[in-house]
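Residues per chain are reported as follows:
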Amino acid sequence: MRPPVILCAFSNSGDAYLSQLEKENEAISDALRERQGKGHLLLDTDSRTSKKLRDRLLLYQPQVEIIHYAGHASGSQLLMEDATVYGAGLLQSIRLQKNLKLVFLNGCSTREQVVQLLDAGVRAVIATSVDIGDDTATRFAEDFYQKLASGHSIDEAFKLATEVVTAKNNAALTTTEDPDRGIARLIKAPNTGPVWGLYLHKNQQGAADHRLSDKSFYELHIKSQIDSKFNTSEDAILAALYNVLMTFSDELPMFEDLEKKYGEQWDPRKFDVREVKNAIINSLPSPIAEQVRKLLVTEDEPLASERLRFLINTYSVMADLLLFIMFSQLWEALVQGKVPVLEDHLKERVSAFFLLDHRDRQAYDVIPLIRIIHDKLKAHEVPLFVNEMSHLADLMDERESEFFGAYLNITGIKGKYKDLAALDELDDRDIQQDCQKAEASLCIIFKELGFCARYKFATIKNIYINKKKNQPAVYQHKMVKLDYVLVGFTDKMEDFENFTDSNSVVIYKIENKSLSAFNLYPFVIDMNALISEKLSKIYFFYNYDKSATAATCTYNFIKNINEKKDRLQIPALPNFLRTKTDLKISQEELETIGPEILESVEVFISYFKS
């Protein structure tokens, strides 16, 4: 059985931009994140056009339980990004949703559409009677979904949200700094009457008592369809990843979809599990996907020592990636003056990280360092690029939780084995026990890290401007999207309305034709981009060593993270690069790459000197 769907349409307008719309999207996602993680529902927030909204209604039929619209509206109209839609134009698609409990129209003066929706069979509608301010609308939606997620009924959540918003600003509607959500953009005097109304179908008065389900649909689905058939060492990891990524990724095939695809030939007992494995790997950011691939794609049952090495590497890469994101965001905040002062304890913790030698770095737990940087950014109200980091911080505060126990287990095992290359020489019984313990812990951690599928990685090699007469400039990015690791990467050109940094590895998401990206250089580098080669070769920062005659940085090749022969020692470059004659850069330029990387690392370190 598939989970109930909350389908959201956040539709903005270039002519009358609503600055709070993205915040409303994030607020609803945050409110429902725990419900999603437990498999109680699926949240889809990607419908910005009328075509996509209709397509999603058809795709999810009859799963849709709540439809939420946020954007410009006026009377019978909703302004989608591709067209103005009259409420009647969606009625047929809505009639097909036999389990639809609520339509929430969070735009100006949407009361006019209520009767049509109720006549179409919708059980409950939340609509507005007047123009509403952008900020007020966001606040109301945020509070409504928080209450709904915490177990309140539709009626209870509605009343509590109305009370909170009214208490904060007497439901003030439109001001010059708070653009309204009406297509006509009319300015009206504050209205002291009710702004929102909850309207019920005359034969469905009990709809107001509806609450979100506490049933985990994904886990039931997995148990009945997957766990009963798998009997190899990757079973638990596969099921855990499938369960959580079903919430966040479109890559994963539902078994019902496969049944339609194969028709009468479909037999769950003969299902080729490689199709799910491939989809799981392709759903994840490439640094993590490279590690998960080794856990899931095995021809033979691996040795316990090899399996344990893969498990530790998977956790380490996930944790390091989060650290590098936080390093990069802290650095930007320091440069921009958003974080004016660093306390001594923060300086000491960061400095200590860069003093670790190879063995200590392998066993080092980066999570406390991530947490202290997170708290510093939050204290100065710096918005987090990966806003789910705050959810992980909350989980780390729950010392009796399953997640915190799993974290202690996996970091304890990681700290126990400082030399992963020597695992084969150790007692096999201990290795076997730690392997089972690490696998169970990683499954629990994966449950809370499914949000990683929301973010993609890419190398930005070059950026070009394409400007035509009387048209806005378009920024062409020569980039390598670091996804689909099983079929390889390709260079391609992508057009965006804004630009990011060239010669960089970025974590990104695309919002409304705009590229929202965060540069991870020099903690993550693409050597192929730096030497103008095709495709990508990604390295993670490992450690900084100033004990030698000259300072050096070590970088691990993400595909073979334990292979010392594949490591980069910066500023020195591999022999094959120094002798290569077909590079698109000069030998002089090549010789500057290593020192520039080292200099960037040392500039960051300099912020933390006492």
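In what follows, the accompanying structure is described. (Residues numbered from 1 in each chain as written. Predicted model: local features only at pLDDT ≥ 70, side-chain atom pairs only at ≥ 80, totals over all residues. Heavy atoms only, no water.)

**Observations regarding the overall build of the protein**
At step 1: Within the protein, the secondary structure is distributed over 21 helices and 18 strands.
At step 2: Every one of the 610 residues in the protein was classed for burial, and the buried ones make up 55%.
At step 3: Once local pairs closer than 6 in sequence are excluded, the contacts in the protein between residues at least 24 apart make up 68%.
At step 4: Surface exposure of the protein reaches about 27600 Å², of which carbon and sulfur atoms provide 49%. (Helix = DSSP H or I, 4+ residues; strand = E, 2+ residues; numbered from the N terminus. Buried < 20%, exposed > 50% of the residue type's maximum accessible area, 1.4 Å probe, protein only. Contact = heavy atoms within 4.5 Å. Areas by Shrake-Rupley, 256 points an atom, 1.4 Å probe, with all protein chains shown as cover.)

**Re the side chain of R567**
At step 1: By the element assignment, R567 lies in the loop between β17 (552-557) and β18 (568-570).
At step 2: Within the local environment of R567, its side chain forms a polar contact with the side chain of H358, the two groups lying 3.4 Å apart.
At step 3: Only 2.7 Å separates the side chain of R567 from the side chain of N556, close enough to count as a polar contact.
At step 4: When near neighbours in sequence (up to four residues on either side) are disregarded, R567 contacts H358, Y542, T554, Y555, N556 and I561. (Polar contact = N/O pair within 3.5 Å; in protein donor to acceptor, adjacent residues only side chain to side chain.)

**Quick word on the environment of K38**
At step 1: Checked against the element boundaries, K38 lands in the loop between α1 (21-37) and β2 (42-44).
At step 2: Looking at K38, the relative accessible area reads 42%, which means it is partly exposed.
At step 3: In this structure, the C-alpha to C-alpha distance between K38 and E448, residues 410 residues apart in sequence, is 9.4 Å.

**What about the sheet that holds strand β1 (residues 5-11)?**
At step 1: One open sheet holds the six strands; their spatial order is β2-β1-β3-β7-β8-β9, and the pairing between them is mixed. Each edge of the sheet is formed by a strand with only one pairing partner; in this case those strands are β2 and β9 (196-200). Sheet twist, expressed as the average angle between the axes of neighbouring strands with direction ignored, equals 15°.
At step 2: Alignment of strand β7 (residues 102-106) against strand β8 (residues 124-128), held across two bridges, turns out to be parallel. Along β8, the bridge assignment pairs V103 with V125.
At step 3: Sitting on the sheet, helix α2 (residues 50-60) touches β1, β2 and β3 (64-71), and the angle it makes with β1 is about 175°.
At step 4: Relative to the sheet, helix α5 (residues 134-149) contacts β3, β7, β8 and β9, its axis offset from that of β7 by approximately 155°. (Pairing = 2+ DSSP bridges. Axes fitted to C-alpha atoms, helices over the stretch in contact; angles between N-to-C directions.)

**Quick look at the nonpolar core**
At step 1: In this structure, F327, F353, F354 and Y555 are the most contacted members of the largest nonpolar core, which totals 117 residues.
At step 2: A per-element tally of this core places helix α12 (residues 304-335) first, with 20 residues.
At step 3: Excluding residues that lie within four positions of it along the chain, F353 makes contacts with L323, F327, R361, Y364, V366, L369 and F541. (Core = buried A, V, L, I, M, F, W, Y, C linked by side-chain atoms within 4.5 Å.)

**Concerning the pattern of salt bridges**
At step 1: All told, the structure shown has 16 salt bridges when counted by the stated rule.
At step 2: Residue E290 is joined to R293 by a salt bridge in which the shortest nitrogen-to-oxygen separation is 3.2 Å. Here the residue E290 and the residue R293 both occupy positions in helix α11 (residues 286-296), the gap between them amounting to three residues, near one helical turn.
At step 3: Here K416 and D434 are joined by a salt bridge, their closest N and O atoms 2.8 Å apart. Separated by 18 residues along the polypeptide, K416 in helix α17 (residues 402-416) and D434 in helix α18 (residues 428-448) bring together distant segments of the chain.
At step 4: Residue K416 is classed as partly exposed on the basis of its relative accessible area, which comes to 48%.
At step 5: Several salt bridges converge on common partners, so that one network encompasses D30, R33 and E388. (Salt bridge = Lys/Arg side-chain N within 4 Å of Asp/Glu carboxyl O.)

**A word on the sheet that holds β17**
At step 1: Within the open sheet, the four strands sit side by side as β15-β16-β17-β18. Their pairing is antiparallel. Here the strands that pair on one side only, and so sit at the sheet edges, are β15 (524-526) and β18. Direction aside, the axes of adjacent strands within the sheet are offset by 35° on average.
At step 2: Sheet topology places β17 next to β18; three bridges connect them, and they run antiparallel.

That is the geometry; function is a separate question.
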